[in-house]
Amino acid sequence: MAETVADTRRLITKPQNLNDAYGPPSNFLEIDVSNPQTVGVGRGRFTTYEIRVKTNLPIFKLKESTVRRRYSDFEWLRSELERESKVVVPPLPGKAFLRQLPFRGDDGIFDDNFIEERKQGLEQFINKVAGHPLAQNERCLHMFLQDEIIDKSYTPSKIRH
């Protein structure tokens, strides 16, 4: 029986130039959740987050966009994706029911530490979702990331590019 010898030769690669090494990546999608702002008073008080998108993916109509979203908008996106797509949607950061109880020693859901933790959780959520190739075809994701106002009465559809 003949012995097989592993081929250990290196693949022939073309030399990398400075543009290849330091130029923009071929495909990128960067999403930052930042700048939380609490608005309103009493029971109408809520926190919004700035969602900034930078991409060169052809499926997105805008290469850069900034919108403001609140937690309930993330809940809407999650339920739409679960209903309309084949994507396994990750969980959102918790709803924080105990933080909404009266007579707490802090600001509850408006406490700076809680807002920062939630912001980080929302950023992880949206990056996981938006990074999924099947989710990128969903109209609801595009509205969430790039439309100033979400049309919650939209007709679910796929994006074609």
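Residues numbered from 1 in each chain as written. Predicted model: local features only at pLDDT ≥ 70, side-chain atom pairs only at ≥ 80, totals over all residues. Heavy atoms only, no water.

As annotated in an unreviewed UniProt entry, the protein chain carries the name Sorting nexin-3 and is attributed to Myotis lucifugus. Taken directly from UniProt, the Sequence similarities (unreviewed entry) text for the protein chain runs: "Belongs to the sorting nexin family." (UniProt positions renumbered as here; feature names shortened; annotations may be inferred.)

A. Layout of the pairing of strand E1 (residues 29–39). Sheet analysis places E1 next to strand E2 (residues 46–55), joined by 9 bridges and oriented antiparallel. Each residue of the ladder has a partner; that of Thr38, found in E2, is Thr47. Once E1 ends, the chain turns through 6 residues before running back antiparallel as E2, passing Gly40 with a positive phi of about 85°. (Pairing = 2+ DSSP bridges. Helix = DSSP H or I, 4+ residues; strand = E, 2+ residues; numbered from the N terminus.)

B. Up close: the pairing of strand E3 (residues 64–70). Here E3 shows one buried face, formed by Ser65, Val67 and Arg69, and one open face, formed by Glu64, Thr66, Arg68 and Arg70. In this structure, E2 lies alongside E3, joined through 7 bridges in antiparallel fashion. Counterpart to Ile51 in the pairing with E3 is Val67. (Buried < 20%, exposed > 50% of the residue type's maximum accessible area, 1.4 Å probe, protein only.)

C. Spotlight on unusual backbone geometry. One non-glycine residue, Asn35, lies in positive phi territory at about 50°. Position of Asn35 relative to the elements: it lies in strand E1.

D. A look at helix H2 (residues 71–84). Given a rise of 1.5 Å per residue, 14 residues ought to cover 20 Å, and the 20 Å separating the end C-alpha atoms of H2 matches this to within 8%. Along H2, the residues that are buried comprise Tyr71, Asp73, Phe74, Trp76, Leu77, Arg78, Glu80 and Leu81. (Expected span 1.5 Å × (residues − 1).)

E. Here's a closer look at the sheet that holds E2. Sheet architecture is open: 3 strands sit in the order E1-E2-E3, paired in antiparallel fashion. The open sheet has two edge strands, E1 and E3, and neither has a second partner. Strand after strand, the sheet turns through a mean of 20° between neighbouring axes, direction not considered. Against the sheet, H2 contacts E2 and E3, and its axis sits at roughly 105° relative to E3. Docked against the sheet, helix H4 (residues 139–146) engages E1, E2 and E3, running at close to 95° with respect to E3. (Axes fitted to C-alpha atoms, helices over the stretch in contact; angles between N-to-C directions. Contact = heavy atoms within 4.5 Å.)

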